[in-house]
Amino acid sequence: MHEIECSLLRPPKITATRAVDMGARYRAHHYGLGMTQRPEHSALDLSTLAVTKGRPPREPDAPLNTPIVPASSFIAGGPTEYAREGGPTVFAFEEVIAALECAERTRPAQAVAFSSGMAAADAVLDLIPVGGRVVAPTTTYTGVAVRLRELAERGRIDLTLIDVTDTDAILDSLTTGVHTLWMESPTNPLLEEADLATCLPAARSAGVRTVVDNTFATPILQRPLELGAHVVMHSATKSLSGHSDLLLGALVTEDPELAEELRTRRILLGAAPSAFDAYLALRGIRTLALRIQRAESSAQFLADKLRSEPAISRVRQAGTMVSIEFGGDVARADRVCHGTRLWAHATSLGGVESLLERRRRWPLEAEHVPDDLVRLSVGIEDPSDLWADLAHAIAAA
Ligand SMILES: Cc1ncc(COP(=O)(O)O)c(C=O)c1O
């Protein structure tokens, strides 16, 4: 997958609005920054922003890192009083992820952190009016797919499923009073890619709210706000935090009123992240660019090797992920998953450690995912070591 250049869309400038960024308010209150004042970062690379954002001001004796502030309640009179509204550590995490996803790197975006990716997804879905029409990929991540289906079965939403690679079908679906277009690209675990640069502006022009689950690509490889998305969603559990040691979600938008609505969802749904998890995620994001570069190049290396393996019938690769099939031989796929030493047989993805699993071992995984498909989440170990381990497991299976 290639980094997407982002000069296609130039959305209108944000004008004055009632809604304000809680993190900005907090920093203004404690650090004396003007509420609209943001350090100019349009010239900085994403790898620099990942390291420099979300830190305390540089004052004598100030800590270099944002501390973990484990408080549920704050002394009255400031911008945040209760931890469901946020807190210093959560705001610091939000500041970094907003800067990374920020459109054209000059427009202010706001991030709202949630207790998990699913909690973040649910906050967006909660904004859809009763009976509202939603268009979503058939092959979206299982948790979101099941949740969408559940909401449709209860009559809460009117759901249309589309092939995320069929741009014409997506464009056709936008003409019929759709409220939300939910996109995931690349999809989990089929690694299909949508033409976001075409679909997002078209949806925006049609008055449809667009949400992109950017968990797989991360802002290092793809920034949907720059292509016209209203909301970017993350399971920060995965590559953003990168160490498989927390659950966290995030939503990012340039629309201040939408950000305020989403923050209100967090408060009312009670889906607030812990300060400790926000701290760990912040620490993980510092190395995001390096980790993604390394994992993506290893994924390409492994995909090339796997393509010449006779036992493997299909190889898909996008970003840091690879999915392989074993010509329908499910037992063999299982033996490979149990036969590696370096690769851990475990679910999830985006960590420094390489993981593999056969996705259909999960009862809720959709039937269109081939039974023998094994998803590989490539970590940052030496790629030759990873290949030697995988090749040995495949040969022994
Ligand atoms: C693409 C994608 N979106 C959302 C989620 C849900 O995130 P979480 O597990 O943090 O709730 C996942 C989890 O695997 C995912 O892979």
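Right, let's walk through the structure included here. (Residues numbered from 1 in each chain as written. Predicted model: local features only at pLDDT ≥ 70, side-chain atom pairs only at ≥ 80, totals over all residues.)

## Focus on the nonpolar core
The tendency in soluble globular proteins is for nonpolar side chains to be buried side by side. One finds A250 and L251 to be the most contacted residues of the largest nonpolar core, which totals 104 residues. The biggest single contributor to this core is helix α3 (residues 88–101), with nine residues. Setting aside residues up to four positions removed in sequence, L251 forms contacts with A111, V112, A120, A123, V124, V231, M233 and L262. (Core = buried A, V, L, I, M, F, W, Y, C linked by C-beta atoms within 7 Å. Buried ≥ 20, exposed ≤ 12 C-beta atoms within 10 Å, placed from the backbone. Helix = DSSP H or I, 4+ residues; strand = E, 2+ residues; numbered from the N terminus. Contact = placed C-beta atoms within 7 Å.)

## Overview of the sheet that holds strand β9 (residues 321–325)
Read across the open sheet, the five strands follow the order β8-β9-β12-β11-β10; overall the sheet is mixed. Strand pairing shows two members of the sheet lacking a second neighbour, β8 (314–318) and β10 (344–345), which therefore form its edges. Sheet topology note: the β10/strand β11 (residues 355–358) ladder contains two bridges and is parallel. Looking across to β11, one finds that H345 is bridged to L356. Across the sheet, helix α12 (residues 330–339) lies against β10, β11 and β12 (374–377), angled at about 155° from β11, the strand it touches most. (Pairing = 2+ DSSP bridges. Axes fitted to C-alpha atoms, helices over the stretch in contact; angles between N-to-C directions.)

## A few points about the site of the ligand
Of all residues adjacent to the ligand, which total 14 residues, the nearest are S116, G117, M118, S235 and T237. Here the shell around the ligand is built from residues that sort into four nonpolar, eight polar and two charged. (Near = placed C-beta within 6 Å. Nonpolar A, V, L, I, M, F, W, Y, C, P; charged D, E, K, R; others polar.)

## Description of helix α5 (residues 142–153)
Between its first and last C-alpha, α5 extends 16 Å over 12 residues, near the 16 Å set by a 1.5 Å rise per residue. Every buried residue of α5 is accounted for by V144, A145 and L148. Along the long axis of α5, the arc covered by the buried residues comes to 100°, so they all point the same way. Exposed side chains of α5 directed beyond 90 degrees from the buried face belong to E150 and E153. As for α5, its buried residues are in contact with α4 (117–125), β2 (132–137), β3 (157–162) and β5 (209–213). Downstream of α5 by one or two residues, G155 has phi in the positive range, about 80°. (Expected span 1.5 Å × (residues − 1). Arc of directions from axis to C-beta.)

## Some details on the environment of V135
Within the fold, V135 resides in strand β2. Judged by the 25 C-beta atoms lying within 10 Å of it, V135 falls in the buried class. For the pair V135 and V178, spaced 43 residues apart in the sequence, the C-alpha separation amounts to 7.1 Å. Among all residues touching V135, those that are not within four sequence positions of it are T160, I162, S173, V178, L181 and W182.

## Some details on helix α9 (residues 256–269)
End to end, α9 covers 20 Å across 14 residues, agreeing with the expected 20 Å (1.5 Å per residue, within 8%). The first or second residue beyond α9 is G270, which carries a positive phi of 70°.

## What about the sheet that holds β2?
Taken in spatial order, the seven strands line up as β1-β7-β6-β5-β4-β2-β3 in an open sheet, and their pairing is mixed. Edge positions in the open sheet fall to β1 (110–114) and β3, since each of these has one partner strand only. Geometrically, the sheet is characterised by an average inter-axis angle of 20° between neighbouring strands, direction not taken into account. As judged from the six bridges shared by β2 and β3, these two strands associate in the parallel manner. When the sheet's bridge partners are listed, V134 is paired in β3 with L159. Each of β4 (180–184) and β5 touches helix α7 (residues 196–205); the most contacted strand, β5, lies at about 150° to it. Relative to β1, α9 is tilted by about 15°, and along the sheet it contacts β1, β6 (231–235) and β7 (249–253).

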